[in-house]
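What follows is each chain in one-letter form.
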Amino acid sequence: MNNEIGAVEPIAEAAQMIKERNPGTLFHVDAIQAYGKYIIHPRKLGIDMMSVSGHKIHGPKGSGFLYVKEKTKLKPIIYGGGQQKSMRSGTENVPGIAGLGQAAWEAFENFDEKQAHLRQLKSTFIRGISDEEWAHINGRIGADSAPHIVSLSVDGIRSEVLLHALEEQNIYVSAGSACSSNKPAVSATLQAIGVKRQYLDSTVRISFSKDNTLEEVEYCVKKLKELVPMLRKYIRH
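Residues numbered from 1 in each chain as written. Predicted model: local features only at pLDDT ≥ 70, side-chain atom pairs only at ≥ 80, totals over all residues. Heavy atoms only, no water.

Participant: Give a description of the packing of helix H5 (residues 159-167) against helix H7 (residues 214-232) that names residues and reports values.
Facilitator: As a packed pair, H5 and H7 sit with axes 11 Å apart at the nearest point and diverge in direction by 135°. With respect to H7, the axis of H5 lies oblique. Judged by the twist between their axes, the crossing of H5 over H7 is right-handed. Contact residues: Val 161, Leu 162, Ala 165 and Leu 166 in H5; Leu 224, Leu 227, Val 228 and Leu 231 in H7. Taken together, the residues of the contact of H5 with H7 break down into eight nonpolar, no polar and no charged. (Axes fitted to C-alpha atoms, helices over the stretch in contact; angles between N-to-C directions. Helix = DSSP H or I, 4+ residues; strand = E, 2+ residues; numbered from the N terminus. Parallel < 35°, antiparallel > 145°, perpendicular 65-115°, else oblique. Left-handed = near helix turned anticlockwise from the far one by under 90°. Contact = heavy atoms within 4.5 Å. Nonpolar A, V, L, I, M, F, W, Y, C, P; charged D, E, K, R; others polar.)

Right under this line is the structure:
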């Protein structure tokens, strides 16, 4: 799953193509964004290895796990005491492991209910801004997209400006493209899907959580409708 626009990748089809070309190829999947939002069966999908990060499922920061298919041969890069079946020597982070395990268990508790809630939040947000001429949603928005991610381009307003304006209203989003103060970078993802040049540096990513409420989403929509017209008054022509 793409972390910027929520595109769901055809993992099973990719695995089949890879294995048909070279059965010995190891297929690794970065499931950090998808884990906890989808039921993932690595064997059925043809996955040999899969990475997951704890912070994406409300677990401890810095925790994570690697699924490794049985009989897959890996070599350690850290040698020493032989911890973790000799794959990564060093003192194990027991609190992190315990927290990650609990977070993983909770992520799939009442799973269908949580996903329906996320879908409702996303659809409410999109419906709330769909009539605004300055709002442009990037990527798919239906059931074939992530339930918790919206990529929004706002015509004429740089992402950093909108991000900080929303911060002042206690609304926290992220820039849709990777940026730094010294050398702003244009998102390769947005370029690849053909987003217009004028929107490449005017995109934010809005992410929803199981803990968000409809009232919070409606508040965000309301503030966007107030802030954007005001900010656009200061556009240089």
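Participant: An account of the sheet that holds strand S6 (residues 174-175) is needed here, citing residue identities and associated values.
Facilitator: What holds strands together in a sheet is hydrogen bonding between their backbones, with the strands either parallel or antiparallel. Strand order across the open sheet formed by four strands is S4-S5-S7-S6, with antiparallel pairing between neighbours. The sheet is open, and its two borders are formed by strand S4 (135-138) and S6, each paired with just one other strand. Both strand S5 (residues 149-154) and strand S7 (residues 203-207) contribute to a ladder of five bridges, which runs antiparallel. The partner of Ile 149 across the bridge, within S7, is Ser 207. (Pairing = 2+ DSSP bridges.)

Participant: Could you give me a rundown of the pattern of salt bridges, with the residues and numbers involved?
Facilitator: Tallied over the entire structure, the rule returns 11 salt bridges. Of the charged contacts in the structure, one is a salt bridge between Lys 19 and Asp 48, with a shortest N-O distance of 2.7 Å. In this pair, Lys 19 is assigned in helix H1 (residues 11-21) and Asp 48 in the loop between helix H2 (42-45) and strand S2 (49-53), connecting sequence segments 29 residues apart. Lys 19 gets classed as partly exposed once you look at its relative accessible area, which sits at 24%. The shortest N-O distance in the salt bridge between Asp 211 and Lys 210 comes to 3.1 Å. Looking at Lys 210, the relative accessible area reads 35%, which means it is partly exposed. Members of the salt-bridge network, linked through shared partners, are Glu 133, Asp 155 and Arg 232. (Salt bridge = Lys/Arg side-chain N within 4 Å of Asp/Glu carboxyl O. Buried < 20%, exposed > 50% of the residue type's maximum accessible area, 1.4 Å probe, protein only.)

Participant: Describe the confidence of the model for the chain, listing the residues and the values that go with them.
Facilitator: Per-residue confidence for the chain gives a mean pLDDT of 90; residues scoring 70 or more make up 95%. In this model, residues 177-183 is a region of pLDDT below 50 whose contacts with residues beyond four sequence positions or in other chains number 10 contacts. (pLDDT = per-residue confidence, 0-100.)

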